[in-house]
Amino acid sequence: MADERKTFNKKKKLPAQLSSVGKENESLKKDNNKRAGQSEGKDYSLEDKLPKLKEKRRKKMYRRLVSLLFLFSFAILIVVYFITPLSKVDQVSVSGTKEVTDQAVIDASQIRSGDSLWETFFSRNKIETTIKKQLPQVKSMKLKFNSINSYELVVSEYKTVAYLEKGDEYYNILSNGKIVNESRKVSIGNPPIFVNFKEGKALNKMLEQYQVLNENIHNSISEIEYTPSKTDDYLITLYMNDGNQVVASILSFAEKMVYYPDIVEKIGEEKGVINIEVGIYFMPFESESSKENTESANNKE
């Protein structure tokens, strides 16, 4: 009986072992299938990526080709541009001039039709310096395009505020104290005539003082003569349009000259010398009769 039970137990254990082996086989099959599936997935993803890589390379090459073509075309256009008349100066015009002529500015600039357009543009500071050196009336100059290949010289000037008289010739005195080394036979407009002045401290201070005064006093002055004395290096004598003379010091000229209309009103019709150098006093001119009497008395003696 004992042997039979053992045999029965052995028979019962066999199916359990078989089921275990079966499970292992199924697990191996699943692993194999999974690996096979992964292998197939890898093959599929590579096949899918190859066309995309080819497309990317094609686009990259296309972009490079377009860039090269653009650069090449641009280089050709530049070469063609510099060969054509468009890269050359066609015309030069001037604006803003009153003290000098347009042609004088063009001549001083040394810009000529046919010059290189861009070489001229990049030399604009040098051109401005040349113009200002030759034409002291020019305060500043700006070079700007007037059209595709034409320039306009925009000029700003120093104004003529007086004329320096030398003999029978007149020289422009500018607002910056410079005397233009170009004479004319007559003065133009209402600026006063300066006599015996030269470039320097006295002239600069005189212009500063003169420009402070109002237009009415400007119009009343005919001539200003520089007449320095031992006691005053800035002494001047003014010849007025109403026939009077004024003696003043440049340093206090504007401060005291504002009272000139009131002084004339008090004096009335009488003419003479109004001295405003230190204080203010009036000395009438000697009459013609007294001059004749003095001369005849001197002759008798």
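The notes below deal with the structure included here. None of these values were measured; they are calculated from a predicted model.

Section: the sheet that holds strand β1 (residues 92–95)
Turning to step 1, where the next piece is worked out: Strands sit in the order β1-β3-β2 across an open sheet of three strands; the sheet is mixed. Where the open sheet ends on each side, the last strands, each with one partner, are β1 and β2 (138–145). The sheet shows a mean angle of 25° between the axes of neighbouring strands, direction not considered.
Turning to step 2, where the next piece is worked out: As paired elements, β1 and strand β3 (residues 151–157) share four bridges and run parallel to each other. Paired with valine 94 across the strands is leucine 153, a residue of β3.
Turning to step 3, where the next piece is worked out: Sheet strands touched by helix α2 (residues 102–109): β1 and β3. Its angle to β1, the strand with the most contacts, is close to 125°.

Notes on the pairing of strand β6 (residues 179–184)
In regular strands, side chains alternate between the two faces of the sheet.
Turning to step 1, where the next piece is worked out: Bridge analysis of strand β5 (residues 169–174) against β6 gives three bridges, and the strand direction is antiparallel. In the sheet register, tyrosine 171 faces β6, and the bridge partner there is serine 183.

Some details on a positive patch on the surface
Turning to step 1, where the next piece is worked out: Together, Lys59, Lys60, Arg63 and Arg64 make up a positively charged patch on the protein surface.
Turning to step 2, where the next piece is worked out: Relative to the assigned elements, lysine 60 resides in helix α1 (residues 2–83).

Some words on unusual backbone geometry
Turning to step 1, where the next piece is worked out: Phi is positive for glutamine 110, which is not a glycine, with a value near 60°.
Turning to step 2, where the next piece is worked out: Relative to the helices and strands, glutamine 110 is located in the loop between α2 and α3 (117–122).
Turning to step 3, where the next piece is worked out: With phi around 70°, asparagine 196 is a residue other than glycine that occupies positive phi space.
Turning to step 4, where the next piece is worked out: Within the fold, asparagine 196 resides in the loop between β7 (193–195) and α5 (201–212).

Looking at α5
Turning to step 1, where the next piece is worked out: Here α5 is twelve residues long and its end C-alpha atoms lie 17 Å apart, about the 16 Å a rise of 1.5 Å per residue gives.
Turning to step 2, where the next piece is worked out: For α5, every residue scored as buried is listed here: Ala202, Leu203, Met206, Leu207, Gln209 and Tyr210. Mapping the buried residues of α5 onto a view down its axis gives an arc of 170°, with all of them on the same face. Residues Lys201, Glu208 and Val212 are exposed on α5 and point more than 90 degrees away from its buried face.

Examining the side chain of threonine 120
Turning to step 1, where the next piece is worked out: Considering the arrangement of structural elements, one finds threonine 120 in helix α3.
Turning to step 2, where the next piece is worked out: Residue classification places threonine 120 among the buried positions, given a relative accessible area of 8%.
Turning to step 3, where the next piece is worked out: A distance of 2.7 Å separates the side chain of threonine 120 from the backbone oxygen of serine 116, its partner in a polar contact.
Turning to step 4, where the next piece is worked out: Not counting residues up to four positions away in its chain, the partners in contact with threonine 120 are Val89, Ile111, Asp115, Ile127, Leu143 and Tyr151.

What to know about the nonpolar core
Turning to step 1, where the next piece is worked out: Phe194, Phe197, Ile236 and Met257 are the most contacted members of the largest nonpolar core, which has 34 residues in total.
Turning to step 2, where the next piece is worked out: For this core, the secondary structure elements donating two or more residues are β4 (160–166), β5, α5, β8 (221–226), β9 (235–240), β10 (245–249), α7 (253–257) and α8 (260–267).
Turning to step 3, where the next piece is worked out: Per-element accounting of this core gives the leading share, five residues, to α5.
Turning to step 4, where the next piece is worked out: Core analysis: the second largest hydrophobic core is formed by 17 residues, Val94, Leu117, Leu135 and Val155 among them.

Looking at the packing of α2 against helix α4 (residues 124–134)
Turning to step 1, where the next piece is worked out: Following both chains from N to C, one finds α2 and α4 inclined at 125°, their axes separated by 8 Å at the closest point. Of the possible angle classes, the one that applies to α2 and α4 is oblique. For α2 against α4, the interelement crossing comes out right-handed. Between α2, through Val105, Ala108 and Ser109, and α4, the contact on the second element is made entirely by Ile127, Thr130, Ile131 and Gln134.

Thoughts on a nonpolar patch on the surface
Turning to step 1, where the next piece is worked out: A cluster of nonpolar side chains, contributed by Phe70, Leu71, Phe74, Ile78, Phe82, Trp118, Phe122 and Phe145, occupies part of the molecular surface with about 850 Å² of accessible area.
Turning to step 2, where the next piece is worked out: Contributing elements (two or more residues each) for the nonpolar patch: α1 and α3.
Turning to step 3, where the next piece is worked out: Looking at the nonpolar patch, the element that brings in the most residues is α1, giving five residues.
Turning to step 4, where the next piece is worked out: According to the relative accessible area criterion, phenylalanine 70 is exposed, its value standing at 56%.

Details of the sheet that holds β5
Turning to step 1, where the next piece is worked out: Here nine strands make up an open sheet; going across it, the order is β6-β5-β4-β7-β8-β9-β10-β11-β12 and the pairing mixed. Edge positions in the sheet fall to β6 and β12 (281–284), since each of these pairs with one other strand and no more. Shown here is a sheet whose adjacent strand axes are inclined to one another by a mean of 25°, direction ignored.
Turning to step 2, where the next piece is worked out: In the sheet, β4 pairs with β5 via six bridges, with the strands oriented antiparallel.

What counts and what doesn't
Residues numbered from 1 in each chain as written. Predicted model: local features only at pLDDT ≥ 70, side-chain atom pairs only at ≥ 80, totals over all residues. Heavy atoms only, no water. Pairing = 2+ DSSP bridges. Helix = DSSP H or I, 4+ residues; strand = E, 2+ residues; numbered from the N terminus. Axes fitted to C-alpha atoms, helices over the stretch in contact; angles between N-to-C directions. Contact = heavy atoms within 4.5 Å. Patch = residues over 30% accessible without salt bridge, like charges linked within 9 Å, V, L, I, M, F, W, Y side chains within 5 Å. Areas by Shrake-Rupley, 256 points an atom, 1.4 Å probe, with all protein chains shown as cover. Salt bridge = Lys/Arg side-chain N within 4 Å of Asp/Glu carboxyl O. Lys, Arg positive; Asp, Glu negative; His and termini not counted. Charge placed at Lys NZ, Arg CZ, Asp CG, Glu CD. Expected span 1.5 Å × (residues − 1). Buried < 20%, exposed > 50% of the residue type's maximum accessible area, 1.4 Å probe, protein only. Arc of directions from axis to C-beta. Polar contact = N/O pair within 3.5 Å; in protein donor to acceptor, adjacent residues only side chain to side chain. Core = buried A, V, L, I, M, F, W, Y, C linked by side-chain atoms within 4.5 Å. Parallel < 35°, antiparallel > 145°, perpendicular 65-115°, else oblique. Left-handed = near helix turned anticlockwise from the far one by under 90°.

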